[in-house]
Amino acid sequence: MTVSEVDQPPQTTDDAQALAARCLALEERLDRLEAAQPEDKVAIVVFSGDLDKVLASFVIATGAAALGQEVSMFFTFWGLSVLKKQRKLEGKNLFEKMMATMSPSSSKQLPVSQMNYFGIGAKMLRKMMADKNVASLEEMIEMSQEMGVKMLACEMSRDVMGISEEELISGLEPAGVAAFLGESLRSRTNLFI
Amino acid sequence: MTVSEVDQPPQTTDDAQALAARCLALEERLDRLEAAQPEDKVAIVVFSGDLDKVLASFVIATGAAALGQEVSMFFTFWGLSVLKKQRKLEGKNLFEKMMATMSPSSSKQLPVSQMNYFGIGAKMLRKMMADKNVASLEEMIEMSQEMGVKMLACEMSRDVMGISEEELISGLEPAGVAAFLGESLRSRTNLFI
Amino acid sequence: MTVSEVDQPPQTTDDAQALAARCLALEERLDRLEAAQPEDKVAIVVFSGDLDKVLASFVIATGAAALGQEVSMFFTFWGLSVLKKQRKLEGKNLFEKMMATMSPSSSKQLPVSQMNYFGIGAKMLRKMMADKNVASLEEMIEMSQEMGVKMLACEMSRDVMGISEEELISGLEPAGVAAFLGESLRSRTNLFI
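Residues numbered from 1 in each chain as written. Chains lettered and ligands numbered in written order. Predicted model: local features only at pLDDT ≥ 70, side-chain atom pairs only at ≥ 80, totals over all residues. Heavy atoms only, no water.

1. A short note on a nonpolar patch on the surface
- Taken together, Leu 94, Met 98 and Met 102 of chain A together with Tyr 117, Phe 118 and Ile 120 of chain B make up a surface patch of nonpolar side chains, about 730 Å² in accessible area.
- It is helix 4 (residues 94–102) of chain A that contributes the most residues to the nonpolar patch, 3 residues altogether.
- Mapping Leu 94 of chain A onto the fold places it in helix 4. (Patch = residues over 30% accessible without salt bridge, like charges linked within 9 Å, V, L, I, M, F, W, Y side chains within 5 Å. Areas by Shrake-Rupley, 256 points an atom, 1.4 Å probe, with all protein chains shown as cover. Salt bridge = Lys/Arg side-chain N within 4 Å of Asp/Glu carboxyl O. Helix = DSSP H or I, 4+ residues; strand = E, 2+ residues; numbered from the N terminus.)

2. Observations concerning the interface of chain B and chain A
- With 45 residues of chain B at the interface, the matching set in chain A holds 45 residues.
- In total, chain B and chain A occlude about 4000 Å² of area from one another, counting both sides; carbon and sulfur atoms represent 72% of this.
- On inspection of chain B and its partner chain A, the count reaches 5 salt bridges.
- The partner of Glu 34 of chain B in a salt bridge is Arg 29 of chain A, and the shortest N-O contact between them spans 2.9 Å.
- Our enumeration of links across chain B and chain A arrives at 11 residue pairs in polar contact (both at pLDDT 80 or more).
- Classifying every residue of the side of chain B that touches chain A by side-chain character gives 26 nonpolar, 10 polar and 9 charged. (Contact = heavy atoms within 4.5 Å. Buried area = accessible area lost by both parts, 1.4 Å probe. Polar contact = N/O pair within 3.5 Å; in protein donor to acceptor, adjacent residues only side chain to side chain. Nonpolar A, V, L, I, M, F, W, Y, C, P; charged D, E, K, R; others polar.)

3. Some remarks on the relation of the copies chain B and chain A
- Each copy of the sequence occupies a distinct position, and chain B is placed on chain A by a rotation of 120 degrees and an axial shift of 0.0 Å, giving an RMSD of 0.1 Å. With respect to symmetry, the two chain copies, as superposed, fit the operation of a three-fold axis. (Least-squares fit on C-alpha atoms with pLDDT ≥ 70 in both.)

4. Some words on the packing of helix 3 (residues 51–66) of chain B against helix 5 (residues 120–131) of chain B
Residue and element names in this part refer to chain B.
- Between helix 3 and helix 5, the shortest axis-to-axis distance is 10 Å and the interhelical angle comes to 35 degrees. Residues Leu 51, Asp 52 and Leu 55 of helix 3 form the contact with helix 5, whose own contacting residues are Ala 122, Leu 125, Arg 126 and Met 129.
- Each residue belonging to the contact of helix 3 with helix 5 can be placed in one class, and the counts come to 5 nonpolar, no polar and 2 charged. (Axes fitted to C-alpha atoms, helices over the stretch in contact; angles between N-to-C directions.)

5. Looking at the nonpolar core
- Phe 58 and Phe 75 of chain A, Phe 58 and Phe 75 of chain B together with Phe 58 and Phe 75 of chain C are the most contacted members of the largest nonpolar core, which has 161 residues in total.
- The contact partners of Phe 58 of chain B, leaving out residues within four places of it in the chain, are Gly 63, Met 73, Phe 75, Val 82, Leu 137, Met 140, Ile 141, Ser 144 and Met 151 of chain B.
- In terms of nonpolar packing, the next biggest core, distinct from the first, is built from 21 residues, Leu 26 of chain A, Leu 19 of chain B together with Cys 23 and Leu 33 of chain C among them. (Core = buried A, V, L, I, M, F, W, Y, C linked by side-chain atoms within 4.5 Å. Buried < 20%, exposed > 50% of the residue type's maximum accessible area, 1.4 Å probe, protein only.)

6. Thoughts on unusual backbone geometry
All names here are of chain A.
- Positioned with a positive phi, Met 115 is a non-glycine residue whose angle comes to about 50 degrees.
- Position of Met 115 among the secondary structure elements: in the loop between helix 4 and helix 5 (120–131).
- Not every positive phi belongs to a glycine, and Tyr 117 is a case in point at roughly 40 degrees.
- Judged by its relative accessible area of 49%, Tyr 117 falls in the partly exposed class.

7. Some details on the domain arrangement of chain A
- What the domain assignment lists for chain A is domain 1 (1–37) and domain 2 (39–192).
- The straight-line distance from the C-alpha centre of domain 1 of chain A to that of domain 2 of chain A is 51 Å. (Domains from an automatic or database assignment.)

8. Details of the sheet that holds strand 3 (residues 150–154) of chain A
All names here are of chain A.
- If you walk across this open sheet you meet the 5 strands as 4-3-2-1-5, and the pairing is parallel. Looking at which strands have only one partner, the edges of the open sheet turn out to be strand 4 (173–175) and strand 5 (187–192). The mean angle between the axes of side-by-side strands here comes to 25 degrees, regardless of whether they run parallel or antiparallel.
- Sitting on the sheet, helix 8 (residues 177–186) touches strand 1 (39–46), strand 2 (70–75), strand 3, strand 4 and strand 5, and the angle it makes with strand 1 is about 145 degrees. (Pairing = 2+ DSSP bridges.)

9. Quick look at the interface of chain C and chain B
- With 45 residues of chain C in contact, the opposing surface of chain B contributes 45 residues.
- Both sides together, the interface formed by chain C and chain B hides about 4000 Å², and carbon and sulfur atoms give 72% of it.
- Taken together, the connections running from chain C to chain B amount to 5 salt bridges.
- With its nearest N and O atoms 2.6 Å apart, the salt bridge here joins Arg 29 of chain B to Asp 31 of chain C.
- Listed by contribution, the elements that provide at least two residues to the side of chain C that touches chain B are helix 2 (12–36), strand 1 (39–46), helix 3 (51–66), helix 5 (120–131) and strand 5 (187–192) of chain C.
- Counting residues per element, the side of chain C that touches chain B draws most heavily on helix 2 of chain C, which supplies 15 residues.
- Considering only residue class, the side of chain C that touches chain B consists of 26 nonpolar, 10 polar and 9 charged.

10. Comments concerning the packing of aromatic side chains
- All told, the structure shown has 15 aromatic pairs over all chains when counted by the stated rule.
- Measuring from ring centre to ring centre gives 5.4 Å for Phe 47 of chain C and Phe 77 of chain C, while their planes differ by 20 degrees; the resulting arrangement is stacked. With Phe 47 of chain C in the loop between strand 1 and helix 3 and Phe 77 of chain C in the loop between strand 2 (70–75) and helix 4 (94–102), the pair connects residues that are 30 residues apart, well separated along the chain. The burial state of Phe 47 of chain C is the same as that of Phe 77 of chain C; both residues are buried.
- On the numbers, 5.2 Å between centres and 70 degrees between planes, the contact of Phe 77 of chain C with Trp 78 of chain C is edge-to-face.
- Its relative accessible area of 10% is what places Phe 77 of chain C among the buried residues.
- We classify Trp 78 of chain C as buried; its relative accessible area is 10%.
- Taken together, the aromatic side chains of Phe 47, Phe 77, Trp 78 and Phe 192 of chain A make up a single cluster linked through ring pairs. (Phe/Tyr/Trp six-rings, centres within 6.5 Å; stacked < 30°, edge-to-face > 60°.)

11. Section: the pattern of salt bridges
- Tallying each qualifying case throughout the model produces 45 salt bridges over all chains.
- The salt bridge partner of Glu 39 of chain B is Arg 186 of chain B, with a shortest N-O separation of 2.5 Å. Of this pair, Glu 39 of chain B sits in strand 1 (residues 39–46) while Arg 186 of chain B sits in helix 8 (residues 177–186), and the two are 147 residues apart along the sequence.
- Taking the relative accessible area as the measure of exposure, Arg 186 of chain B reaches 25% and is therefore partly exposed.
- Residues joined in a network through salt bridges with shared partners are Lys 41, Glu 70, Lys 150 and Glu 183 of chain A.

12. Notes on helix 6 (residues 137–146) of chain A
Residue and element names in this part refer to chain A.
- Listed in full, the buried residues belonging to helix 6 are Leu 137, Glu 138, Met 140, Ile 141 and Ser 144. When helix 6 is viewed along its axis, its buried side chains cluster within an angular range of 160 degrees and face the same direction. Opposite the buried face of helix 6, at more than 90 degrees from it, the exposed residues are Glu 142 and Glu 146.
- Each element contacted by the buried residues of helix 6 is listed here: helix 3 (51–66), helix 5 and strand 3.
- Gly 148 lies just past helix 6 and shows a positive phi near 85 degrees. (Arc of directions from axis to C-beta.)

Given below as structure tokens:
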């Protein structure tokens, strides 16, 4: 409808009906838009198992949760090491055993991505953080769980790497790529770390 | 207009005209909002040439495509190695030849980002995936192309690294950063891998 | 309201009032939707201090700025090295001195993430870019600042790593994770590099 049509002398009854129909159409379009509107949510893929990158993901996750945003973290591949509470070799095949032996057995063993020098770099970073009263990674993981950050452990990675559920901390949801994409579609902030 | 204005006794003709104008304004605002609404699309920058990260990008891409989402992958820098079908040294200058010789000549030569040990890590990962019946990278690339995933090869990186179009697989679109940003603006999920 | 209700014979005055109320409700819903609509903005976390990845972030940043988009870059952790103009050891504790000595003292010293060979890889990449008339990293940083790209330096990282403000280039805004999340929520494109 153009402006010139609006200026035509109105026929009251028809007009009211036509206007009501236009309002209805508008209401339906708005319903659809509102339902599809991205939410104040954050979805993070934690692919890395490097202490420095994992810390960055938890600083963002706890920061967003503190601001009242919903947060989901999807741990995959090397990122699964963050969630390990113990190493269990029984039931693993040869490659899985090699992978498990060479990977960190818990968040405490994560290396840094640069200047790691067989773990000295990671220890140094932890010391520097403690000196400045920044929470440790383990404290941030606990805080995240308390704040309701959703933690998803990628099933496919777990399967490929032969990591059993008992090796991981509790409070995790098993998930696949569809679960991540579902969260991601509704989130304003999506990061791959 | 406030609620008290709404309560005033209406003058029918004027009212109908005013209401029609308000509907028109609403319709125009909705048109603009709908046109700018982000779509159920995924845009991924594949910067990395590491097998593990590249696999993650294809798991997300094929997963999203299977869910009916439009997907664009923008391959740049080391990520161009994923798209190589052969190495061609003729026509390259000294640095380009060095770069080509030290880079993987196809997706089959990609290293893993951690514990690569001169290619043993990559072979091990491929074996572990096959043991769990996960598609290989080459199968995922083919699946992506069949599913209509848009694959863009960064022209600037190609130019800087001296990689000719004949060295790459077919079915790619040449693209610059503007093409990526265009896709990205319309996408709900944007990832840099 | 359903279509059948719309078809009922209207009572003009009531109708006009009811329609005005519906328009008002629609206007208010649209106000809220418009206010929450993501903008044509780009928010980039520059976590990496690798020349190749940093270049990618500036190619995207300057590209987006050239297309008229607002851009914020949030430099954290290794990414702070990009912003260094000098190294200052006085006032630093032992670990901070070690960190400073082993980190690049300015953007000119950044290594590449692959095939760095003690800096030869980085020099080679810079030479290959110059040969193809691509702007250098330092030119891109300057261009970004001239184009109004917002550059935020992560306070927590600066504090943990003991990097003083005088060591960084001018024109930066100090910022925390909340500042990044604020930008990110309003941006259509979010990347972690």
